[in-house]
Each structure stands twice: as C-alpha cells, then as structure tokens.
Number of protein chains: 2
Amino acid sequence: MQFELTILGCNSALPTAYRYQTAQVLNVSERFFLIDCGEGTQIQLRRFKTSLQKINYVFISHMHGDHFIGLPGLISSMALLGRTRPLHIFGPRALKEYLDYHTKLFGGRMEFVIDFHLNNPSKKELIFEDKVVEVYSFPLYHGSIPTSGFLFREKRRLANLIKEKLQEYKIPVSQMHRIREGADFINDKGEVVPNEELTIPAPTPRSYAFCSDTSYDERLVPIVKEVDLLYHEATFSEKERELAAKRFHSTAKQAARIALKANVGKLLIGHYSARYPDTTILQEQAQEVFKNTLAVEDGTKINIPLKNREQWRQS
Amino acid sequence: MQFELTILGCNSALPTAYRYQTAQVLNVSERFFLIDCGEGTQIQLRRFKTSLQKINYVFISHMHGDHFIGLPGLISSMALLGRTRPLHIFGPRALKEYLDYHTKLFGGRMEFVIDFHLNNPSKKELIFEDKVVEVYSFPLYHGSIPTSGFLFREKRRLANLIKEKLQEYKIPVSQMHRIREGADFINDKGEVVPNEELTIPAPTPRSYAFCSDTSYDERLVPIVKEVDLLYHEATFSEKERELAAKRFHSTAKQAARIALKANVGKLLIGHYSARYPDTTILQEQAQEVFKNTLAVEDGTKINIPLKNREQWRQS
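As a convention, each chain's residues are numbered from 1 in the sequence order in which they are written. As they are written, the chains are lettered A onward and the ligands numbered 1 onward, keeping that order. With pLDDT at 70 or above as the cut-off, local features in this predicted model cover only qualifying residues; side-chain atom pairs require 80 or more to be listed or tallied, and sums for whole chains, interfaces and linings still use all residues. With hydrogens and water stripped out, all remaining heavy atoms of the structure feed into the side-chain values.

The name given to chain A in an unreviewed UniProt entry is Ribonuclease Z, and the organism recorded there is Balneicella halophila. UniProt positions are given in the numbering used here, feature names are shortened, and annotations may be inferred rather than shown by experiment. Looking at chain A in UniProt, the text filed under Subunit (unreviewed entry) is "Homodimer." Taken directly from UniProt, the Catalytic activity (unreviewed entry) text for chain A runs: "Endonucleolytic cleavage of RNA, removing extra 3' nucleotides from tRNA precursor, generating 3' termini of tRNAs. A 3'-hydroxy group is left at the tRNA terminus and a 5'-phosphoryl group is left at the trailer molecule."

Here it is, written out as structure tokens:
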C-alpha cells in the first residue's frame, strides 16, 4: 500500500556531479511510474534501488533534452537485461520519432515492444487507470514548447465493515459489497441501519502532482487543488524573477504561491538552476509563503502515509 | 608538461551506480582529448574536475551506444555554457548522422561548430597532430562493427644544449637549432665536435594506446609496441573465455598477453561486464601474465612522468 516518490534528479538543464537532470519514480502499491528521464536516469535508478525492469510506465513532460535524453540508455539496458514486458511511454509526438530513431539505431536486439501513448498537452485528460490509480496529464505553461504536468491519484477504496455490527444485525454476505459502497442495511422487518453505523470509511485516496517545467500560472491551482504532494519547479530565486518569466520558468516563491492557493499538503521544489549549489535560499523564500516546503535533492524519498493524513500534511 | 589519463567510466554496456560506461580523458600538456562518451560522461567530467569547455577533441571508437550516447548531453551543455570554440569529433560515418539528428532536434542555440572528422576503421592512420602530439587511429576486432583504437604519442623534443659547451666551443646562435636536432658542430678550422658532447638528449616521448572494444588479436601487438600505457578491454574472466570470443570481447588474461607481447610499460584493464562488482579476479588473472596491470575504477588517474620512465614502467 505504498505511495512513495523518489527524486532521481532535480537540476535543470545543466547537471552537476550531485544533481542530475529531471527524473522521478513514483511507487503506487508496487506500480512504478517514471516521470521524465534526464541523462543518467538508469544510473540513478540503480543508485536509489529501484529495479529498471519494474518500470512499466514512463511519462515525459516535454521535449527539452534534460527531460528525456536518458530514455535510449534506459531502454537499451532493459533490452540487454532480457525484458519482454511492454514498456508504456506517454509523451508528445516528437518523442515518438525520437524513440523510433534510436530503436532503429540500436538494432533488433529488443524483445519487448514500446507501447507509445500520445498525450495532448493542451487539455486535462485521463491517460491511464487501473484498479488502484488514475493518471491525468494537464497543460503546463512553458512558452512555445507543449508541456504536460501529471497528476497521480489513488482510486477511492471501499469502506471497511465493522465485524461486530455484521454479527449484531446478521448482515448476509450478499449485502456486504453494497454496504461497503455506502448503502444502508434494511433488514427483513424493513428496519433501516444507517451505513455510518456499519462501516469505517476508507482512508482518503492519496495524490501527487508533477509541475515541471512551467511559468507561474494560476490555471494550475484548480488542477492540483488539495493534492497531498505537489512538485513544482523552482528554477530561480526571487532575485531572478524577471529571468524566470523570460525563460518560462518559476521562482521558489511562485511555486509556493501555487501550493498555498491550491491548499496542498506538502510542496517539493526542484529543477534548480546550476547557479544554486546550495538551495537553502530557495527553500527559505518558498517557506515565507508556504511553510511545508522541501527543497529536494537527488535521492529524496517522500512517503505519503495511508492513514493520519492530516498530521502528515502539517508535518 | 602533463601526460595524464583519467578514467571517467569503465563498465561495459550496463552501467552501475559506481561504474559508468566507457569514457576517458587524456591531458597532454593541457590538450584534453575525450575518448568515447558513454551516458553521463558530462557528469563524470564534473565529478573528476575537468572543465567541459577544455575539451576540443573527441574520439569515438565505434557505434555501440555505451561508447557514444553521452555526446548529445555533453554538446548541449557546452552550448548552454556559451561555447564558441569548434569541437572536433573523430568517428565513423554513422556517428555524423547521429550528431546531425541531435543538433537538429536541440535547435539553433549552438554558437559553435562541430567539425566532424571521418576516420577509417580499416587501417592505421594519423588523424590529428599539432606541435606536441600525434594521434593515430587503428583497427580493432569487434565483429561486424567497424571499431577503432587510438594511439596518442608525444612528438620528439629537441635535445637540450649544454651551456658550458656552447661557451667552450663558441657556438653561434645560428647553429644551435641544427645541433639540437642532432647535428655535430664544425668550427672554422673544420674541427668536428660530436653532437653527444654538446647536448643532453630530450626525454623519450610518452605514449598511450586505447583498445576497446576488441577480441584478442595479435595484430594489435606491433601497433601498441612499447607504449608507456595501454588500456585494453577485459570484459570477462578466463571462465567466460568462450563467451568473450562469441561477443568479440577479451578476457583479462588476453589483455595481459597483448601487453606482454608488445612490452608496454603499464596495462590498464576495464570495460567490465556488470557481473564483476569486484574486479580483483580480473586483475589477478591479468597479473599472472603481465605483472604491471591495474584494474581501473571510475576516477582512476594515471600520470606518466616525463623523466625516469624506466622506473615508472616497472612500478
């Protein structure tokens, strides 16, 4: 029942020896979702102990090299390791051409297919779901480059039945699923037992939103509203606010403003310009606006607990 | 007057968290030659303190991804850092197409040209020289993939004149260069002063040969004869000798046999299969044949001294 984010890389275009380009892996109940894939992502996966072969879904935000040039190396290693399971990749059309070019270049040693899913960077849409999780892509605002953010949300679980009550009211098995879905119980005499008396509500579904790269844009607020965890790029400090706007990036404070307006649980900032070997200033500027902010580093792991979410959101 | 090799990556196709794919940088009197460029090379250059912008010459051995997929990232970082100096890249034709594809993909932000030099993997030839160093490419034997090794050799320096003798024999400035080149001195009376009496010979030029990837092949022996430093791939241990042959790679012992027959100074082995997290076995097997062998790691630096070469070669 995990919901854990691992930061594989959190620098912007220029990687340093200790901060790689953008890449993250989100583990939702043992489904491993790779978000962006900068250079060296396959190496960071090993360093931070996630098996390459567990990754079945890759989401690429946009066609700037620091967000996808790790893919050919990752794919070729998956092939060398004998992968047969399909790899699902979600991204813009240009990425499909890029992957086709490299698959041809690296020749026919691949025993798995790349199942490419074109996603539309111009509107919010559901791009993946299974029985436990939904993934939406939505527009980010990165100048002329079509760019998508991604929202991961657990599906609502059924309520848990209270054992004692089942016995007390002699509830037949046939009724149990309906009651877990929220129905009241009506016995033979026509007496109604309200659902609240029979069930403990399931914990609220957990959610994570990824917003990189983007300018400050309040159109993101309703989309990331109330998520437990928000990653919002913070390429620059306040001092560079004009440069940030010019480059279609955000400042740490702007990231925090989105977090505040959307009332998220926790804010992660990253995608740092290489001019900030020490990111304390970025974290401090963000915290002036939104206290529960963390400036991530490569290897940062954030685990969203299933229960006691409110305490966690304050922590 | 440096002649220093730094290993940036020494694993084969599958990188690990601590051993990257093939890449090395050779510093010959502040000329920085990059040899192969696996994934993450730009990151390793930073980790091991070589400025990207100092690299003006890149040599790519062959078109297996683990030897060149770091180039697009390296080039795009050079561009972001405002490079204007041309970058000279030596490699096979397919590499030119690969670079053209990526330059187009990453758009027009590059303010420097890539000067591509096609080298012929089927014969030994001089591919670069300036006043201090010559670089030759020569054939390696890697199955159907045309593959080149590279030989770096300092040019011979002029002998040094012995000051006292210049005065003793009143040697005019006009004669000095000829004498440094090896001529005897003939005075007005026609008396001959032999060159040995007037000069101290310059130290022997230093040399380094790179052989990866290749099967065991004794045709390499005359080409790397007597070099101070030889890097020869050792993908496998003796136990995997047949697999090595099948994959057109070498064992550590085979690398050592080439070193022994060529009477090189020091042997470096690398390009390890990921099955050897500990390479002691490979070093031991090589040392049974050629004692002065080192199994390199990422970050290994080897400095060839200008003087007292013989002691160094024994060390």
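Moving on from the model shown.
On to the overall build of chain A, then. Going along the chain from the N terminus, every DSSP run of H or I of four or more residues is numbered as a helix, and every run of E of two or more is numbered as a strand. Counting its secondary structure elements, chain A contains 11 helices and 18 strands. Radius of gyration means the value over C-alpha atoms here, while the globule rule gives 2.2 Å times the residue count to the 0.38 power. Taken over C-alpha atoms, the radius of gyration comes to 22 Å for chain A, in line with the 20 Å a tight globule of 315 residues would show. With the C-alpha coordinates aligned to their principal axes, the bounding extent of chain A is approximately 70 × 55 × 35 Å. With 315 residues in all, chain A has 58% of them scored as buried. Contact definition: two residues touch when any of their heavy atoms are within 4.5 Å. Excluding contacts between residues fewer than 6 apart, the proportion of contacts in chain A whose partners are at least 24 apart in sequence is 64%. Each accessible area value is a Shrake-Rupley result obtained with a 1.4 Å probe; residue values ignore everything except the protein chains displayed when judging cover. Just so you have it, chain A exposes about 13,500 Å², and 53% of that area is on carbon and sulfur atoms. By the counting scheme adopted, Arg and Lys are positive, Glu and Asp are negative, and His together with the chain ends is not counted. To locate a charge, take NZ of a lysine, CZ of an arginine, CG of an aspartate or CD of a glutamate. Within chain A, the 37 negative side-chain charges are centred at a point lying 2 Å from the centre of the 42 positive side-chain charges. Type-normalised accessible area, obtained with a 1.4 Å probe on protein chains alone, sets the label of each residue: buried when under 20%, exposed when over 50%, and partly exposed for intermediate values.

What follows concerns the packing of aromatic side chains. Residues and elements named next belong to chain A. Only Phe, Tyr and Trp rings take part, Trp by its six-membered ring, and two of them pair if their centres are within 6.5 Å. Stacked means planes under 30 degrees apart, edge-to-face means over 60, and tilted covers everything else. Taken as a whole, this structure holds 23 aromatic pairs over all chains when the rule is applied. Ring geometry for Phe 33 against Phe 59: centres 5.9 Å apart, planes inclined by 50 degrees, an arrangement best described as tilted. Note that Phe 33 is positioned in strand β3 (residues 31-37) and Phe 59 in strand β4 (residues 55-59), a separation of 26 residues in sequence. The residues Phe 33 and Phe 59 share a single accessibility class, namely buried. Pairing Phe 210 with Tyr 231 gives two aromatic rings, centres 5.5 Å apart and planes at 5 degrees, and the pair type is stacked. Placement of Phe 210 in strand β14 (residues 207-211) and of Tyr 231 in strand β15 (residues 229-233) is noted, with a sequence separation of 21 residues between them.

Here we take up empty space enclosed by the protein. In this analysis a 1.4 Å probe is tested at points of a 1 Å grid over the protein atoms alone, and where it fits but cannot get out there is a cavity; an open set with protein on both sides within 12 Å along at least five of seven lines is a pocket; lining residues have an atom within 4 Å of a point. Grid points are joined across faces, edges and corners, and a volume is the space filled by probe spheres set on the points. By the definition in use, this model includes one cavity of 30 Å³ or more. When its volume is computed, the largest cavity comes out at roughly 90 Å³. Around the largest cavity sit 13 residues that line it, and A:Ile69, A:Pro72, A:Tyr98, B:Ile69 and B:Tyr98 are the ones nearest its centre. The set of elements that each furnish at least two residues to the lining of the largest cavity consists of α2 (71-80) and α3 (93-105) of chain A together with α2 (71-80) and α3 (93-105) of chain B. The nonpolar class holds Ala, Val, Leu, Ile, Met, Phe, Trp, Tyr, Cys and Pro. Asp, Glu, Lys and Arg form the charged class, and all remaining residues, Gly among them, are polar. Class assignment for the residues of the lining of the largest cavity results in six nonpolar, five polar and two charged.

A few words on the interface of chain A and chain B. Counting residues at the interface gives 28 residues for chain A, matched by 29 residues for chain B. With both sides pooled, the region where chain A packs onto chain B buries about 2,400 Å², and carbon together with sulfur makes up 65% of that total. Here a salt bridge means any side-chain nitrogen of Lys or Arg lying within 4 Å of a carboxyl oxygen belonging to Asp or Glu. Here chain A is connected to chain B by zero salt bridges. Each polar contact in these results corresponds to two N or O atoms within 3.5 Å; when the atoms are within protein, one needs to be able to donate a hydrogen and the other to accept it, and residues that are neighboring in sequence are counted only if both atoms are side-chain atoms. Put simply, chain A and chain B have 10 residue pairs in polar contact (both at pLDDT 80 or more) between them. Going through the elements one at a time, α1 (41-47), α2 and α3 of chain A are the ones with two or more residues in the side of chain A that touches chain B. Grouping the constituent residues of the side of chain A that touches chain B by class yields 14 nonpolar, 10 polar and four charged. Here the buried area means the combined drop in accessible surface, using a 1.4 Å probe, for two parts upon being joined, counting both sides.

Within an α-helix, residues lying three or four positions from one another point in the same direction, as the helix has 3.6 residues per turn. Residues and elements named next belong to chain A. If you check α3, its first and last C-alpha atoms are 19 Å apart, about what 13 residues at 1.5 Å a residue would give, namely 18 Å. Residues of α3 that are buried: Leu 95, Tyr 98, Leu 99, Tyr 101 and His 102. Looking straight down α3, one finds that the buried residues subtend no more than 160 degrees of arc, so they occupy a single side. Exposed residues lying more than 90 degrees from the buried face of α3 are Arg 93 and Lys 104. The span one expects for a helix is its residue count, reduced by one, times 1.5 Å. For this quantity, the arc is that covered by the directions from the helix axis to the C-beta atoms.

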